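# Examination of the molecular architecture
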Amino acid sequence: MPPPLQAHRLLISHRRLPTPGRRRFTAVSSVQSAPATTLAPGPATSSILSIRESLLSGERTAADITSEYLSRLRRTEPSVRSFIHVADAAAQREAEELDRRIASGDKDAVGPLAGVLVGVKDNLCTANMPSTGGSRVLEGYRPAYDATAVRRLREAGAIVVGKTNLDEFGMGSTTEGSAFQVTTNPWDDSRVPGGSSGGSASAVSARQCVVSLGSDTGGSVRQPASFCGVVGLKPTYGRVSRFGLMAYASSLDVVGCFGSSVFDTATILSVVAGHDKMDSTSSSQGVPDYASELVSLDLLESKPLNGVRIGIIQETLGEGVDTGVASSIKGAASHLEQLGSVVEEVSLPSFSLGLPAYYILASSEASSNLSRYDGIRYGRQVSANDLNELYGESRANGLGHEVKMRILMGTYALSAGYYDAYYKRAQQVRTLVKESFKAALERYDMLISPAAPSVAYKIGEKINDPLAMYAGDIMTVNVNLAGLPALVVPCGFVEGGAAGLPVGLQMIGSPFSEGNLLRVGHIFEQSLQNLSFVPPLLAEL
């Protein structure tokens, strides 16, 4: 087996192709970087490793760890409101059972996620737990089975602590679209956590759980990760089974994950990824142990990213991007250069076309997928005199405004006479986006950009301006159209709130290159100096 440094180098591809006409990217860093000769680990640590070590050493019990997280959840939840449902009693029972098995000498009891509390976005089915998709139309619905991703977490020893809040059926960017409550941002409770996986991001940021699952149709993992100062991963389409995920747009939906460190996020991906016979779109490509490939910075040379070529997407730093966000991303790019990588600007001319194409395609697929919520098979049903009235009234009373609007948009785009003008053309644009990314990723090991054009904005600021809210997805939707993996890591702060507001750096890779993204993200995360992404909410407890 090669030593850690050699293994790291073998797994990051170094392509040096002729690239005439491109200019080197330079920027004044807004991130404090360690000197090249004295790189030291930063503040990010692995909660999963800490829990595992404390269980194996007998230093702590699973019941104690669970009680600690549940206590923090109870204290923070009145202001954060990350969870729609909390299974505190069940979580405590599972922890106590784990302790009994460990005490009896059962070596199999300490799985890779033993004692790790996980929050699950409420559009992923969980047996014996409500699964509403954030919608009144499914209020009270309890599936008879777990989604594949949830089942695999449980089999690895994880404890599902509850279901996190979301924009109804994943349609939104703020989590204000939930039918049940508005989740807040742990960095500033007057601001949104992002969406649609805002509950999952907020729960990890507030340390209400160790890690969480979300879903990403157009940025619903990455934008909240940026807003809440946590790590968020959107895997390659097909890397994680969608079985048990309530479908929004089937060709775009991906199950993603959140963690407070890259290591924890990599560990979760290793567990949930892989082929599933229940999902014909899931890939049969082998799943590496992503976490085992991450190397501690003190075992690497002073330029650990030497030879890695990175393209910063030119179109993501121009008009419409907040100055503070652009400055933080340029600072992160400069920091990557200090770590040894070559960073250059790259233009993706089709980038701006992705947003309108995405909303046509996503709405069209939603209009089909959401037809199943008719008051007959699932959820809320109203009294009616005939079948048409039953369908109409059940949907009218059960579905929210944003969901109805997107269904209408999609139905219109698919209707006779408009199909070619909207849906077909959007599919053609999707092909252009894919080809544009493919060409760029043949020249670079990865591309980088902001995860969002702004930091978290005020609750209510954009709720009445859907176009402005949709525009906030411009940094992320292209990745879904192309089916690529993307990792968001916190990279800096801008002014706002009590302690500043976090900014996330988006790293985009070729299909199934999650390992490379995680390795670079892990090095980047460790080498940030004097930056701690722990919200002030926790300091007050």
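Residues numbered from 1 in each chain as written. Predicted model: local features only at pLDDT ≥ 70, side-chain atom pairs only at ≥ 80, totals over all residues. Heavy atoms only, no water.

The name given to the chain in an unreviewed UniProt entry is Glutamyl-tRNA(Gln) amidotransferase subunit A, chloroplastic/mitochondrial, with the source organism recorded as Paspalum notatum var. saurae. The Subunit (unreviewed entry) comment attached to the chain in UniProt states, word for word, "Subunit of the heterotrimeric GatCAB amidotransferase (AdT) complex, composed of A, B and C subunits." Entered under Function (unreviewed entry) in the UniProt record, the comment concerning the chain runs "Allows the formation of correctly charged Gln-tRNA(Gln) through the transamidation of misacylated Glu-tRNA(Gln) in chloroplasts and mitochondria. The reaction takes place in the presence of glutamine and ATP through an activated gamma-phospho-Glu-tRNA(Gln)." (UniProt positions renumbered as here; feature names shortened; annotations may be inferred.)

### Some points on the UniProt feature "domain: Amidase" (unreviewed entry) in the chain
UniProt records the feature "domain: Amidase" (unreviewed entry) at residues 64-518, using the numbering of this structure. Taken end to end, residues 64-518 is 36% helix and 14% strand, and its two terminal C-alpha atoms sit 31 Å from one another. (Helix = DSSP H or I, 4+ residues; strand = E, 2+ residues; numbered from the N terminus.)

### Some thoughts on the UniProt feature "active site" (unreviewed entry) in the chain
The UniProt feature table records "active site" (unreviewed entry) at K121, S196 and S220. The greatest C-alpha distance among the residues just named is 11.0 Å, despite their covering 100 residues of sequence, which places them together in space. Structurally, S196 can be placed in the loop between strand 3 (159-164) and helix 6 (198-205). Given the relative accessible area of 1%, S196 is considered buried. (Buried < 20%, exposed > 50% of the residue type's maximum accessible area, 1.4 Å probe, protein only.)

### Remarks on the environment of L56
Considering the arrangement of structural elements, one finds L56 in helix 2 (residues 47-57). According to the relative accessible area criterion, L56 is exposed, its value standing at 56%. In the structure, L56 is positioned 347 residues away from V403 in sequence and 47 Å away in space, judged by C-alpha atoms.

### Looking at the sheet that holds strand 3
Hydrogen bonding along the main chain pairs the strands of a sheet, whether they run parallel or antiparallel. Spatially, 11 strands are ordered 1-3-2-4-6-5-10-11-9-7-8 in an open sheet, and the strand pairing comes out mixed. In this open sheet, the two strands that pair with only one neighbour each are strand 1 (83-86) and strand 8 (342-346). Recorded for the sheet is a direction-independent mean angle of 30° between the axes of neighbouring strands. The sheet contact formed by strand 5 (residues 231-234) and strand 10 (residues 486-494) spans 3 bridges and is antiparallel. Residue pairing in the sheet places L233 in a bridge with L487 of strand 10. Where helix 6 meets the sheet, its contacts fall on strand 1, strand 2 (117-121), strand 3, strand 4 (211-216) and strand 6 (254-259), and the angle it forms with strand 4 comes to roughly 155°. (Pairing = 2+ DSSP bridges. Axes fitted to C-alpha atoms, helices over the stretch in contact; angles between N-to-C directions. Contact = heavy atoms within 4.5 Å.)

### Here we look at the packing of helix 10 (residues 354-369) against helix 13 (residues 420-443)
Where helix 10 meets helix 13, the axes come as close as 9 Å, and the angle between the chain directions of the two elements is 125°. Classified by the interaxial angle, the pair formed by helix 10 and helix 13 is oblique. You can see that helix 10 and helix 13 cross each other, and the crossing is left-handed. Seen from helix 10, the contacting residues are G354, A357, I360, L361, S364 and E365; seen from helix 13, they are Y422, Y423, A426, Q427, V429, R430 and V433. Its residues assigned to classes, the contact of helix 10 with helix 13 shows 8 nonpolar, 3 polar and 2 charged. (Parallel < 35°, antiparallel > 145°, perpendicular 65-115°, else oblique. Left-handed = near helix turned anticlockwise from the far one by under 90°. Nonpolar A, V, L, I, M, F, W, Y, C, P; charged D, E, K, R; others polar.)

### A look at the packing of aromatic side chains
By the definition in use, this model includes 11 aromatic pairs. On the numbers, 4.3 Å between centres and 25° between planes, the contact of Y359 with Y470 is stacked. Residue Y359 is located in helix 10, and its partner Y470 is located in helix 14 (residues 466-471); the two are separated by 111 residues in the primary sequence. In this pair, the class of Y359 matches that of Y470, namely buried. Here the basic side chain of R72 rests over the ring of Y69, its NZ or CZ set 5.1 Å away from the ring centre. Over the ring of Y457 we find K462, and its NZ or CZ is 4.3 Å from the ring centre. (Phe/Tyr/Trp six-rings, centres within 6.5 Å; stacked < 30°, edge-to-face > 60°. Lys NZ or Arg CZ within 6 Å of the ring centre and 35° of its normal.)

### Notes on the state of the cysteines
All chains considered together, the criterion is met by 0 disulfides. Among the cysteines around C209, which has no disulfide bond, C228 carries the closest sulfur, lying 12 Å off. Residue C209 is classed as buried on the basis of its relative accessible area of 1%. A disulfide-free cysteine, C491 has its sulfur positioned 15 Å from the sulfur of C228, the nearest such atom. A relative accessible area of 0% places C491 in the buried class. (Disulfide = S-S within 2.5 Å.)

### Describing helix 2
Here helix 2 has its buried residues at S47, I48, I51, S54 and L55. All buried residues of helix 2 project into a common sector of 135° when viewed along the axis, lining one side. Those residues of helix 2 that are exposed and angled more than 90 degrees off the buried face are E53, L56 and S57. One side-chain oxygen at the N-terminal end of helix 2 lies 3.4 Å from the backbone nitrogen of I48; it belongs to S46. Phi turns positive, to about 80°, at G58, one or two residues after helix 2. (Arc of directions from axis to C-beta. Polar contact = N/O pair within 3.5 Å; in protein donor to acceptor, adjacent residues only side chain to side chain.)

### Describing the pairing of strand 4
Buried residues dominate strand 4, accounting for 6 of its 6 residues. Because side chains alternate across strand 4, one face comprises the buried residues V211, L213 and S215, and the other comprises S212, G214 and D216, equally buried. As paired strands, strand 4 and strand 6 are joined by 6 bridges and run antiparallel to one another. Bridge pairing in strand 6 links D216 to V254.

### Concerning the pairing of strand 5
In strand 5, alternate side chains face the same way, and those of V231 and L233 on one face and G232 and K234 on the other are all buried. Here 3 bridges tie strand 5 to strand 6, and the two strands are oriented antiparallel to one another. Within strand 6, the position partnered with G232 by the bridge is F258.

### Some points on the pattern of salt bridges
Applying the stated criterion across every chain, the model contains 14 salt bridges. For D88, the salt bridge is made with R74, and the minimal N-O distance between the two is 3.9 Å. With D88 in helix 4 (residues 88-103) and R74 in helix 3 (residues 62-80), this residue pair connects regions lying 14 residues apart in the sequence. The exposure class of D88 is partly exposed, given its relative accessible area of 30%. A salt bridge links R519 to E293, with the nearest nitrogen and oxygen atoms 2.5 Å apart. (Salt bridge = Lys/Arg side-chain N within 4 Å of Asp/Glu carboxyl O.)

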